Amino acid sequence: MLLSGVFLIHSFLLLLYKIYPAAAQGSASQWQSNLKTWSSSSPSWQKYVRSPPTTTIRPSKVLSQYTVGNVKNPDGLVSGNGPTVLTRSPSAAANETAANHSIADVTPSIVVDWGQNIAGFVSITFAGASNSTPGLPGIRLAFSETLQYLTNVSDFSRSDNGDTITPGSDQVSHIIAVQSKSYTWSDVNGCMYEGTKVCSDGLHGFRYMKIYMDALPADAPYTTSYGKVSIESMSLAYSAFLGTPDTFTGWIQTSDENLNQWWYDSVYTNDLCIDEFRKNDTDPRGAASPSLIGKTVLHDGAKRDRDPYVGDLAVSAKTAYLTHNIPQAARNVLADLADHQRADGWIPPASINNYTLQLLDYPMWWVVCSYDLYMYTGDTDYVQKYYQTILNVLDKFYPSITNTNTNLLQKGLGISADYGDYAFLPRTGPVTYYNALYVLALDNAASIAKSLAKDADAARWIDRAKVVSAAINNRLFDDSVGAFFDGSCGFSPCPTHAQDGNSISIVSNAVNVTRASSILSYLAKANARPYGNSFYDNDILQEGFSQRVYAFISYFEIEARFKIGSSDTALEEIRRLYGWMTSHDPMITVWEGIGANGSLYEGSYSSQAHGWATGIVPALTNNILGVRPTGPGFSAWSIKPIPGDVTWAKGVVPGPDGPIIVAWNKFENPDLFFLSVTVPDESSGVISVPVGGNSSTVWLNGDEAFKGGVAASGVKATGGDGYVSIEVEGGDHVITVGFDWDG
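Residues numbered from 1 in each chain as written. Predicted model: local features only at pLDDT ≥ 70, side-chain atom pairs only at ≥ 80, totals over all residues. Heavy atoms only, no water.

**With respect to the state of the cysteines**
And step 1. Under the definition given, this model contains 2 disulfides.
And step 2. In this model cysteine 191 forms its disulfide with cysteine 199; the gap between the sulfur atoms is 2.0 Å. What sets the handedness of the cysteine 191 and cysteine 199 disulfide is the S-S torsion sign, and at about 105 degrees it is right-handed.
And step 3. Paired through a disulfide, cysteine 489 and cysteine 494 show a sulfur-sulfur distance of 1.6 Å.
And step 4. Residue cysteine 494 is classed as buried on the basis of its relative accessible area of 2%.
And step 5. Sequential numbering of the bridged cysteines in the protein gives the disulfide pattern 1-2, 3-4. (Disulfide = S-S within 2.5 Å. Buried < 20%, exposed > 50% of the residue type's maximum accessible area, 1.4 Å probe, protein only.)

What follows is the structure, encoded as structure tokens:
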């Protein structure tokens, strides 16, 4: 069968990418409602990009339904048609209407919508101010990611209320405005008077901003709640990574428009978290480490936590590696935490509390994230420098909390009793999550050791991973439901089943396919919610756990579903989870956590732009496009699309030696499939294509490579589990199933 004409579009697109590598035509933005018209030469994926076009951002609109008090021309500060004027008179309460009723002293206020979540420093240009009472007219600003939690104080839009120099709202004093017709105030961290009065917090992560005329009594005599203030315009100096299309080193596009947009929404979310580590806009709880200040890092969130935690990097760093050439954002964090390793091998999760926050799982995440850095970027210098750190984690700290009778990590042994984890969960005993993650860390460390010719270390860690895996399966599995217990309740297994340990047991290869299928079947039945899969099946440990969803942990369940070939269930979970987050206020960006009925799980404290929630990026790139590294820096790789109901995909995966370019098509006839790849010349890997059955014939570059279950002479190919896999060297390759490709 000859179908070459059907695929000319893919060959053309691959050629176009080489000619115009991510070249932005016109404005490189899909900003607010003003969508750009892309020129014919712009790659079509660029239309999904959410980044603002420049680092200077203007607000989108004033929300008229929230305008109260004496406000004239409320839209003026956005439209440019004259200033917005707020007026408040101290005599208003003494005035009377014709009906002899007093006029209330209503605080003039407006709400500005900036169109989507952003992060940076606000500036306001005032056209003037006047007042007849002592003090200068006061303006207060409150910031929020959502309208639900927009009040007179900010929604923790940098960190904890009360921990900063402001009482939850920034104060603006118009001292220069009184003397001139125009001046620009910028939201710089600090206080204007006496070191404690009329203060501003500086950076904020938010979508909505409330502006109201008021003054704090504590700021007297410098400000007053009364007078008239004219606002000409405002802007924001965007401080996060500006991820315009020309910065993308990797991208994806598929037949599913929703998947495409959610992928780029998540990239934008992650970009919001990439910033310079600055003393005055990081978490104020002892996080401002001199060893990080001035470096590019991957914070947890745009508004909070403004501190990089290593567990989050298990997802957010992969998102960064696959989209932009900024590996230092993760490397700087990993190296800094390694440099603060304790003598017993424990690694702090973040710089918060001067590197003393006690979490039990994060040293293992540090090992996993170090492996990811090595595999995606090929940073040999890093793994060589911190190899001893890996040894200390795996051969000193975790053996100290291992029960030698069970071969399992046991929460409560050694110094671990008071240690928390990524969600500060009240669990104890042989927790499945800790042990499954331990297996993953051991396996990843063994791969690093092999690449560095540390064969004895690799063998020791592989053997230990096997022992722990066996113990997990023999001691922690609940046959009554077909999934793992979470830990202990007293002297018995806790009759609750967590998403984290069950999912990671599959990702780490601690279980076989039969048990993996059982686990995922149970999670689908017990944990499915309209907004994702909950991280517990009941509320035995704490009220509300059965309704809470973490996209962070859901990533590992989604990855587990792809791993066993259940692409349809992986995509179904993605659609519930990301469909919910991106369609609810603040829209677009993805969330730290989701509570009952799809709510913000920790109210105003919740972050609605969190890097650890961006797992759709590696999930689709690694599994739908099908590309993942199997050697450091993609020196070896695997290309294996797991399509589900996606009918085509194309994209680019960046690597230190050049990009991997992939395009594939599947058809209603399961015996037909097309895949085209370009890989770096010095690399090698395995390409796997889905086949309809053992009778399928597979062609490689126009030559018959596999037929009737047998590889052609000179071709290294195998079949099984619905795929034919062929070993190839670098270069350009076309693999077809069911028809010959003549180019």
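Once you've had a look at it, read on.
**A look at the pattern of salt bridges**
And step 1. As enumerated under the stated definition, the model contains 30 salt bridges in all.
And step 2. Notably, a salt bridge pairs lysine 303 with aspartate 155, separated by 2.9 Å at the nearest N-O pair. Of the two residues, lysine 303 is situated in the loop between strand E18 (296–298) and helix H5 (313–321) and aspartate 155 in the loop between strand E8 (136–144) and strand E9 (170–173); the sequence distance between them amounts to 148 residues.
And step 3. Glutamate 572 is paired through a salt bridge with arginine 576; the nearest N and O atoms lie 2.6 Å apart. (Salt bridge = Lys/Arg side-chain N within 4 Å of Asp/Glu carboxyl O. Helix = DSSP H or I, 4+ residues; strand = E, 2+ residues; numbered from the N terminus.)

**Some remarks on the layout of surface pockets**
And step 1. Computed from the structure, the largest pocket encloses a volume of approximately 1300 Å³.
And step 2. If you go around the largest pocket, you meet 45 residues; those closest to its centre are Glu559, Lys563, Asn623, Arg628 and Ile642.
And step 3. Secondary-structure elements contributing two or more residues to the lining of the largest pocket are H5, helix H8 (362–377), helix H11 (432–451), helix H15 (551–563), helix H17 (616–625), strand E27 (627–629) and strand E31 (673–690).
And step 4. Element by element, the count of residues in the lining of the largest pocket is highest for H8, at 6 residues.
And step 5. Classifying every residue of the lining of the largest pocket gives 23 nonpolar, 13 polar and 9 charged.
And step 6. Taken as a whole, the second largest pocket encloses approximately 400 Å³ of empty space.
And step 7. In terms of lining residues, the second largest pocket is bounded by 25 residues, among which Arg304, Asp305, Tyr422, Phe424 and Glu592 are the most central.
And step 8. The residue inventory of the lining of the second largest pocket, partitioned by class, reads 14 nonpolar, 2 polar and 9 charged. (1 Å grid on protein atoms, 1.4 Å probe; cavity = no way out; pocket = protein on both sides within 12 Å on 5 of 7 lines; lining within 4 Å. Points joined across faces, edges and corners; volume = space filled by probe spheres on them. Nonpolar A, V, L, I, M, F, W, Y, C, P; charged D, E, K, R; others polar.)

**What about H8?**
And step 1. Relative to the 22 Å expected for 16 residues at 1.5 Å per residue, H8 spans 22 Å between its end C-alpha atoms, a close match to the ideal helical length.
And step 2. In terms of burial, H8 is a largely internal element, 16 of the 16 residues being buried.
And step 3. Among the residues trailing H8, glycine 378 stands out with phi positive, at a value near 70 degrees. (Expected span 1.5 Å × (residues − 1).)

**Examining the pairing of strand E35 (residues 717–720)**
And step 1. Direction of pairing for E35 relative to strand E36 (residues 723–737): antiparallel, over a ladder of 4 bridges. Counterpart to glycine 719 in the pairing with E36 is valine 724.
And step 2. What sits between E35 and E36 in their antiparallel hairpin is a turn of 2 residues, with aspartate 721 showing a positive phi close to 55 degrees. (Pairing = 2+ DSSP bridges.)

**What about the packing of H11 against helix H12 (residues 455–475)?**
And step 1. At a closest axis distance of 8 Å, the pairing of H11 and H12 adopts a crossing angle of 160 degrees. Looking at the two axes, H11 sits roughly antiparallel to H12. Here H11 and H12 pass one another in a crossing that is left-handed. Residues Asn435, Ala436, Tyr438, Val439, Leu442, Ala445, Ala446, Ala449 and Lys450 of H11 form the contact with H12, whose own contacting residues are Asp457, Ala458, Trp461, Ile462, Arg464, Ala465, Val468, Ser469 and Ile472.
And step 2. Grouping the amino acids of the contact of H11 with H12 by side-chain chemistry returns 13 nonpolar, 2 polar and 3 charged. (Axes fitted to C-alpha atoms, helices over the stretch in contact; angles between N-to-C directions. Parallel < 35°, antiparallel > 145°, perpendicular 65-115°, else oblique. Left-handed = near helix turned anticlockwise from the far one by under 90°. Contact = heavy atoms within 4.5 Å.)

**Quick look at the packing of aromatic side chains**
And step 1. Across all of its chains, the model carries 37 aromatic pairs by this definition.
And step 2. Relative to tyrosine 376, the ring of tyrosine 321 lies with its centre 5.8 Å away and its plane at 25 degrees, an arrangement referred to as stacked. Residue tyrosine 321 is found in helix H5, and its partner tyrosine 376 is found in helix H8; the two are separated by 55 residues along the sequence. For the pair tyrosine 321 and tyrosine 376, a shared accessibility class is recorded, and that class is buried.
And step 3. Between the NZ or CZ atom of arginine 304 and the centre of the ring of tyrosine 605, over which it lies, the distance is 3.8 Å.
And step 4. Sitting over the face of the ring of tyrosine 434, arginine 427 holds its NZ or CZ atom 5.6 Å from the ring centroid. (Phe/Tyr/Trp six-rings, centres within 6.5 Å; stacked < 30°, edge-to-face > 60°. Lys NZ or Arg CZ within 6 Å of the ring centre and 35° of its normal.)

**Quick word on helix H4 (residues 257–273)**
And step 1. For H4, built from 17 residues, the straight-helix expectation of 24 Å at 1.5 Å per residue is met to within 8% by its first-to-last C-alpha distance of 25 Å.
And step 2. Taken across its 17 residues, H4 has 15 buried, putting it largely inside the fold.
And step 3. Between a side-chain oxygen at the N-terminus of H4 and the backbone nitrogen of asparagine 258 the separation is 2.9 Å; the capping residue is aspartate 256. (Polar contact = N/O pair within 3.5 Å; in protein donor to acceptor, adjacent residues only side chain to side chain.)

**A closer look at the packing of H4 against H17**
And step 1. Remark: H4 packs on H17, axes separated minimally by 8 Å, with the N-to-C direction vectors making an angle of 130 degrees. Considering the angle they form, H4 stands oblique to H17. Of the residues in H17, those in contact with Leu259, Trp262, Trp263, Ser266 and Val267 of H4 are Ile616, Val617, Leu620 and Thr621.
And step 2. Per-class residue counts for the contact of H4 with H17 are 7 nonpolar, 2 polar and no charged.

**Description of the nonpolar core**
And step 1. Membership of the largest hydrophobic core comes to 173 residues, with the highest contact counts inside it found for Trp365, Trp366, Tyr422, Trp461, Ile574 and Ile639.
And step 2. For this core, the leading source of residues is H11, giving 13 residues.
And step 3. With residues up to four places along the chain from it excluded, the contact list for tryptophan 461 reads Tyr387, Ile390, Leu391, Leu394, Asp395, Leu442, Ala445, Ala446 and Ala449.
And step 4. The next biggest cluster of nonpolar side chains, apart from the first, holds 34 residues, and it includes Leu77, Ile118, Val122 and Tyr238. (Core = buried A, V, L, I, M, F, W, Y, C linked by side-chain atoms within 4.5 Å.)

**Considerations on the environment of valine 511**
And step 1. As for its position among the elements, valine 511 is in the loop between helix H13 (499–507) and helix H14 (513–527).
And step 2. What makes valine 511 buried here is its relative accessible area of 13%.
And step 3. Among all residues touching valine 511, those that are not within four sequence positions of it are Asn473, Phe484, Ser505, Ile506 and Ala516.

**Observations regarding the confidence of the model for the protein**
And step 1. Of the residues in the protein, 89% have a pLDDT of 70 or more, and the chain-wide mean is 90.
And step 2. Across residues 1–41, where pLDDT falls below 50, the model places 91 contacts with residues more than four positions away in sequence or in other chains.
And step 3. Under a pLDDT of 50 for its full length, residues 174–180 has, in the predicted model, 18 contacts with residues more than four places off or in other chains. (pLDDT = per-residue confidence, 0-100.)

**A short note on a negative patch on the surface**
And step 1. On the surface, Asp657, Asp681, Glu682 and Asp732 cluster together to form a negatively charged patch.
And step 2. Within the element layout of this structure, aspartate 681 appears in strand E31. (Patch = residues over 30% accessible without salt bridge, like charges linked within 9 Å, V, L, I, M, F, W, Y side chains within 5 Å. Areas by Shrake-Rupley, 256 points an atom, 1.4 Å probe, with all protein chains shown as cover. Lys, Arg positive; Asp, Glu negative; His and termini not counted. Charge placed at Lys NZ, Arg CZ, Asp CG, Glu CD.)

**With respect to the side chain of aspartate 281**
And step 1. Residue placement: aspartate 281 occurs in the loop between strand E17 (274–276) and E18.
And step 2. Polar contacts involving the side chain of aspartate 281 include one to the side chain of arginine 278, which spans 2.5 Å.

**Quick word on the pairing of strand E15 (residues 227–238)**
And step 1. Where strand E3 (residues 56–57) meets E15, 2 bridges bridge the pair, whose relative direction is antiparallel. Residue pairing in the sheet places isoleucine 57 in a bridge with leucine 236 of E15.
And step 2. Of the strand pairs in this sheet, strand E6 (residues 84–88) and E15 are connected by 5 bridges, and their pairing is antiparallel. Bridge assignment links arginine 88 to a residue of E15, and that residue is glycine 227.

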